[in-house]
Amino acid sequence: MTLHWLADWLRGADPRARVDALRVLAMVEETRALDAVTWIATHDPEPGVRSVAEWAAAILRDAQVRGHSTAKALEALYHPKPAPDREAHFLLGLEAVPGRSRAQQIALEHIYERHLEEALSTRQADAAPVQPVPTSTPRALPRVESLDDFAALLEAGLVHLRVEQSDG
Amino acid sequence: MAEQAGALAVWLERLRSNDPAEREASIRALELLGEAGALPALAAVFATDPDPALRLKAQTAGKAIYYAALHRSREIGGASETEQQQAAEILAKARARRADRHLRE
């Protein structure tokens with residue numbers, strides 16, 4: 001089930017559905033909806049809906065003042081930035097450290113390739129990968145071919161590490 | 001799928017129980033189910049339940065379900081065009097640096 005119904009309910013003719021949508025938006029502190037909710041609080045023909053909208057708008061304003069946003073919450077939940085020391089430790093581990101066996105190096109490469117593919121997968125994944133440098137918006141990403149590629153993406157914050165490196 | 005819908009219906013019904021313990025169990029179960037269809041019922045608890053602790057639990061569960069649904073829809077949509085462009089440029093630069101290093105070696 002997608003979330004399109006929320007917007008539909010908010011705009012819909014059924015006052016009960018509008019109330020339900022307002023309550024959901026308040027519950028999840030969807031601050032992007034504050035303008036819409038504020039508008040409803042002033043303009044909805046139903047006094048009951050206006051009242052719920054005022055309540056929801058107050059919650060959303062509080063959330064906004066706290067600095068909450070859906071984008072930030074999603075970022076924190078699904079793309080946590082690695083701690084700087086952990087990131088540095090991982091990057092250091094990508095260098096050829098004396099004593100690391102070739103098998104460990106290969107295993108590490110496999111792990112990062114798998115995570116990188118997950119991180120960069122797109123709907124156009126079935127399309128042929130674009131090898132040359134794109135001059136406009138690419139339809140698909142060029143292939144990631146080396147540890148250098150990975151490190152460069154990491155530095156740009158485009159890859160979020162979820163790799164645990166073993167010691168030794 | 002039908003099993004999931006059946007479970008959703010059962011827990012939504014129990015969410016209306018007079019027993020706070022049963023409502024709390026329902027909130028936990030609905031969060032585990034992760035169905036966006038539970039959001040209006042959880043929001044009703046958040047807005048009207050007499051128990052403040054349950055209101056908070058309903059909000060926590062509702063947020064978890066909402067964020068998961070948003071995340072799924074973003075994943076289906078894939079990386080943004082800006083992110084793709086940025087990644088493509090970074091990869092090209094990394095490749096150029098590598099080629100340059102090979103030449104010098």
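Each chain has its residues counted from 1, running along the sequence as written. Each chain is given a letter, starting from A, and each ligand a number, starting from 1, according to the order in which they appear as written. In keeping with the model being predicted, local features are shown solely for residues with a pLDDT of at least 70 and side-chain atom pairs are shown and tallied solely at 80 or more, while totals for entire chains, interfaces and linings include all residues.

### Examining the overall build of chain A
Moving on, step 1. Across its full length, chain A carries eight helices and zero strands.
Moving on, step 2. Only runs of H or I of at least four residues qualify as helices and only runs of E of at least two qualify as strands under DSSP, and these elements are numbered from the N terminus. What you see in chain A, going N to C, is helices and strands ordered as α-α-α-α-α-α-α-α.

### Concerning the overall build of chain B
Moving on, step 1. Scanning chain B from terminus to terminus reveals five helices and zero strands.
Moving on, step 2. In chain B, the succession of helices and strands from N to C terminus is α-α-α-α-α.
Moving on, step 3. Relative to its full complement of 105 residues, chain B shows a buried share of 30%.
Moving on, step 4. Contacts spanning at least 24 positions in sequence make up 53% of the contacts within chain B whose residues lie at least 6 apart. Buried residues are those with 20 or more other C-beta atoms within 10 Å of their own C-beta, exposed residues have 12 or fewer, and partly exposed residues lie in between; C-beta atoms are placed from the backbone. We call two residues in contact when their backbone-placed C-beta atoms lie within 7 Å.

### Regarding unusual backbone geometry
Moving on, step 1. A positive phi is found at Glu29 of chain A, a non-glycine position, where the angle reads about 50°.
Moving on, step 2. A tally of 23 C-beta atoms within 10 Å means that Glu29 of chain A is categorised as buried.

### Remarks on the packing of helix H2 (residues 15-27) of chain A against helix H4 (residues 47-66) of chain A
Residues and elements named next belong to chain A.
Moving on, step 1. The interhelical angle for the contact between H2 and H4, taken along N-to-C directions, is 10°, at an axis separation of 9 Å. In this view, H2 runs roughly parallel relative to H4, as classed from their interaxial angle. From H2, Pro15, Arg18, Val19, Leu22, Arg23, Leu25 and Ala26 reach across to H4, where they touch Gly48, Val49, Val52, Ala53, Trp55, Ala56, Ile59 and Leu60.
Moving on, step 2. The residue makeup of the contact of H2 with H4, split by class, is twelve nonpolar, one polar and two charged. Only the stretch in contact is used when fitting a helix axis, every axis being a line fitted to C-alpha atoms; angles between N-to-C directions are given from 0 to 180 degrees. Throughout, the term roughly parallel applies to angles under 35 degrees, roughly antiparallel to angles over 145, roughly perpendicular to angles from 65 to 115, and oblique to all others. Any residue outside Ala, Val, Leu, Ile, Met, Phe, Trp, Tyr, Cys, Pro, Asp, Glu, Lys and Arg is labelled polar, Gly included; the first ten of those are nonpolar and the last four are charged.

### Topic: the environment of Ala61 of chain B
Residue and element names in this part refer to chain B.
Moving on, step 1. The residue Ala61 is located in helix H4 (residues 52-77) in this model.
Moving on, step 2. In this structure, the C-alpha to C-alpha distance between Ala61 and Glu31, residues 30 residues apart in sequence, is 5.1 Å.
Moving on, step 3. Look past the residues within four positions of Ala61 in its chain and what remains in contact with it is Ile27, Leu30, Glu31 and Leu42.

### A word on the nonpolar core
Moving on, step 1. Think of a nonpolar core as buried Ala, Val, Leu, Ile, Met, Phe, Trp, Tyr and Cys residues, each tied to the set through C-beta atoms within 7 Å. Counting residues in each nonpolar core, the largest one holds 39 residues, and the members touching the most others are Leu22, Leu25, Val37 and Ala56 of chain A together with Leu42 of chain B.
Moving on, step 2. Counting residues per element, the ones that place at least two in this core are helix H1 (4-11), H2, helix H3 (34-43) and H4 of chain A together with helix H2 (20-33), helix H3 (39-48) and H4 of chain B.
Moving on, step 3. Those residues in contact with Leu42 of chain B that lie beyond four places of it in its chain are Met27 of chain A together with Ile27, Leu30, Ala58, Ala61 and Gly62 of chain B.

### A short note on H2 of chain A
All names here are of chain A.
Moving on, step 1. Given a helix with a known number of residues, its expected span is that number minus one, times 1.5 Å. A rise of 1.5 Å per residue sets the reference length of H2, with its 13 residues, at 18 Å; its end C-alpha atoms lie 18 Å apart and thus fit the reference within 8%.
Moving on, step 2. Of all 13 residues in H2, ten are buried, a share of seventy percent or more.
Moving on, step 3. Looking at the residues trailing H2, positive phi occurs at Glu29, about 50°.

### So, H2 of chain B
All names here are of chain B.
Moving on, step 1. End to end, H2 covers 20 Å across 14 residues, agreeing with the expected 20 Å (1.5 Å per residue, within 8%).
Moving on, step 2. Among the residues of H2, Ser26, Ile27, Leu30 and Glu31 are the ones counted as buried. Seen from one end, H2 has its buried residues packed into an arc of 135°, which puts them on one side. Along H2, the residues that are exposed and aim more than 90 degrees away from the buried face are Ala21 and Arg28.
Moving on, step 3. Backbone geometry just after H2 places Gly34 at a positive phi near 70°. Arc, as used here, means the arc of the directions from the helix axis to the C-beta atoms.

### What about the environment of Ala69 of chain B?
Residue and element names in this part refer to chain B.
Moving on, step 1. Considering the arrangement of structural elements, one finds Ala69 in helix H4.
Moving on, step 2. Residue class for Ala69 comes out partly exposed when judged on the 19 C-beta atoms lying within 10 Å of it.
Moving on, step 3. Put simply, Ala69 and Gly34 are 35 residues apart on the chain and 8.2 Å apart in space, counted from C-alpha to C-alpha.

### Topic: the confidence of the model for chain B
All names here are of chain B.
Moving on, step 1. Values of pLDDT, which run from 0 to 100, indicate the predictor's confidence residue by residue. When the pLDDT values of chain B are averaged, the result is 84; 83% of them are 70 or greater.
Moving on, step 2. The weakest mean pLDDT in chain B belongs to helix H5 (residues 81-104) at 70; the strongest belongs to H3 at 96.
Moving on, step 3. Across the predicted assembly, pTM comes out at 0.60 and ipTM at 0.72.

### Thoughts on the environment of Ile59 of chain A
Residue and element names in this part refer to chain A.
Moving on, step 1. Inspection of the secondary structure puts Ile59 in helix H4.
Moving on, step 2. Taking the C-beta count within 10 Å as the criterion, Ile59 has 22 such neighbours and is therefore assigned buried.
Moving on, step 3. Placed 28 residues apart in sequence, Ile59 and Thr31 show a C-alpha to C-alpha distance of 9.0 Å.
Moving on, step 4. For Ile59, the residues in contact, after removing those within four places along its chain, are Ala26 and Glu29.

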